[in-house]
Amino acid sequence: MKGKVVIFVVLIALLVSLTVLADTSTTGLTGPQGPIPSWDTVVQMAKQEGSVSWYAYGAEYDKLYFDSLIPKFEKQYGIKVNFIFGDWYAFLQKLLAEQKAGQTVGDMDLVFTWSIPFNDAWNSGVVWKYPWSYVIPIARNIVDPYLLQYTDMIPTNGAFVPFIWWQVAFLYNKQMVKNPPQSWDDLMAWVKANPGKFTYCDPNAGGSGHTFLITLSEWLYGYDNYYDSMGLPYNKALGSELWNTVGPKGYSLWGYLKELQKYMYQPGFYPAGNSAAISLFSKGVVWLEPQWLDVTASWVKQGLLDPNIVGLYIPKPTMDAGGMDGLFIPYNAPHKYAAMVLANYLLSNEVQTGIVLDRGGAFPVVTGVMDKPDVIKAMQTQPYWVPFNSITNPLWLRSGLYMDELMKDWTQIIAKSQ
């Protein structure tokens, strides 16, 4: 209970700070680049800048969706978008190289990334360290003000805005499995009863793997007790100690994973990423795996996965909410006003609704979208969704820093143990 009380207090404080900063955003704030005026002036200045470079990553299906947004934004604001689609690691390396070279003006204005590379970018000094998320008006509609200060429990100091809520669930073959394990308590027994039919991807190669890993660890030790015993902020020594300790379920984390490994598909083999894992599923080789909803949606929409075999659910008590990937502005961005206007547009009702209806398999990060009749209908009729309340009740937020440490330790303790 202590962990929930702490989070509740933090949320109350953030609600107060959100109200204060929302008010000041209309009167002017001072940041590293000088005063930030009213939103109308921000838009005017963005139009004078005339262009914005947006660097984004994801699957090919994400590229198609992001591409579809650009003409609409350009028409609405008259601001040209230079869209670069690549990978988050390359983006970070580019910024670090520019910093090392003393390049005070770069060509990256808005970067789409996730928690760990953002943390690395922040600590390296290549993030614009200004709480601009409180300046853009639609950020006031974010599903939880906590998300303007933290991503995966990593502090963002208002310099990161969530954009898309990805979600992992258990994907199972409805034609072959009539009674999938409905809870984490039942998983081990099911895998033993169905040898060779379960897998999870290498946590270092795919997010479904590392979300599975940290949610499993939270279940083994109890979510509230987990973060009480681990302590916040992040403490590497406490994490390593806990994961080697037998928890209330009768396993240590590493002991559980080693036992599970004996009965998985090709014991000791871990698919190299989300697509590699779902490929095994599509072929009927495995019947159960943790998988992203959006990856499942992409495979169904591309005709790579038979929707008739797709079953998705959240095991009880839940699966971690995450990641809520988002946007930051680099320290040397030449078009910071245009970057804020583009970020605000990406949080708009139109774009966030499109995340559900057009992109598919991902949740919006602003309020109101999930209540729309067409969104409700889509989630009831399309095969790649789970009930939203099965994630949010209870809501487990993952810790990016502990998750990152788990991924490294997994390589040494599990992957290299073969």
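From a predicted model like this one, the values you see are computed outputs, not experimental measurements.

Peer 1: For this particular structure, what's the right way to read the pattern of salt bridges?
Peer 2: A side chain with one charge can pair with a side chain of the opposite charge if their charged atoms come near. Enumeration over the complete set of coordinates arrives at 13 salt bridges. For Glu74, the salt bridge identified is with Lys80, shortest N-O distance 3.9 Å. We note a salt bridge from Lys262 to Glu259, for which the minimum N-O separation is 3.0 Å. Exposure remark for Glu259: the relative accessible area of 17% places this residue in the buried category. Residues participating in the shared-partner salt-bridge network are Asp62, Asp294 and Arg359.

Peer 1: I'm lost on the pairing of strand β11 (residues 321-328) in this one. Help?
Peer 2: Regular strands place side chains that alternate from one sheet face to the opposite one. Counting buried residues in β11 gives 8 out of 8 residues, a clear majority hidden from the surface. Here 3 bridges tie strand β5 (residues 110-113) to β11, and the two strands are oriented antiparallel to one another. Within β11, the position partnered with Phe112 by the bridge is Leu327. Pairing geometry for strand β8 (residues 161-173) and β11, over 5 bridges, is antiparallel. Of the residues in β11, the one forming a bridge with Trp165 is Met324.

Peer 1: What is the right way to look at the packing of aromatic side chains in this model?
Peer 2: What describes a pair of aromatic rings is the distance from one ring centre to the other and the angle between the planes of the rings. Taken as a whole and assessed by the stated rule, the structure comprises 43 aromatic pairs. Ring centres of Phe66 and Phe163 lie 5.9 Å apart, and the angle between their planes is 35°; on these two criteria the pair is classed as tilted. One end of the pair, Phe66, is in helix α3 (residues 60-77); the other, Phe163, is in strand β8, and 97 residues separate them in sequence. The same class applies to Phe66 as to Phe163, namely buried. Relative to Tyr256, the ring of Tyr251 lies with its centre 5.1 Å away and its plane at 80°, an arrangement referred to as edge-to-face.

Scoring rules and cut-offs
- Residues numbered from 1 in each chain as written.
- Predicted model: local features only at pLDDT ≥ 70, side-chain atom pairs only at ≥ 80, totals over all residues.
- Heavy atoms only, no water.
- Salt bridge = Lys/Arg side-chain N within 4 Å of Asp/Glu carboxyl O.
- Buried < 20%, exposed > 50% of the residue type's maximum accessible area, 1.4 Å probe, protein only.
- Helix = DSSP H or I, 4+ residues; strand = E, 2+ residues; numbered from the N terminus.
- Pairing = 2+ DSSP bridges.
- Phe/Tyr/Trp six-rings, centres within 6.5 Å; stacked < 30°, edge-to-face > 60°.

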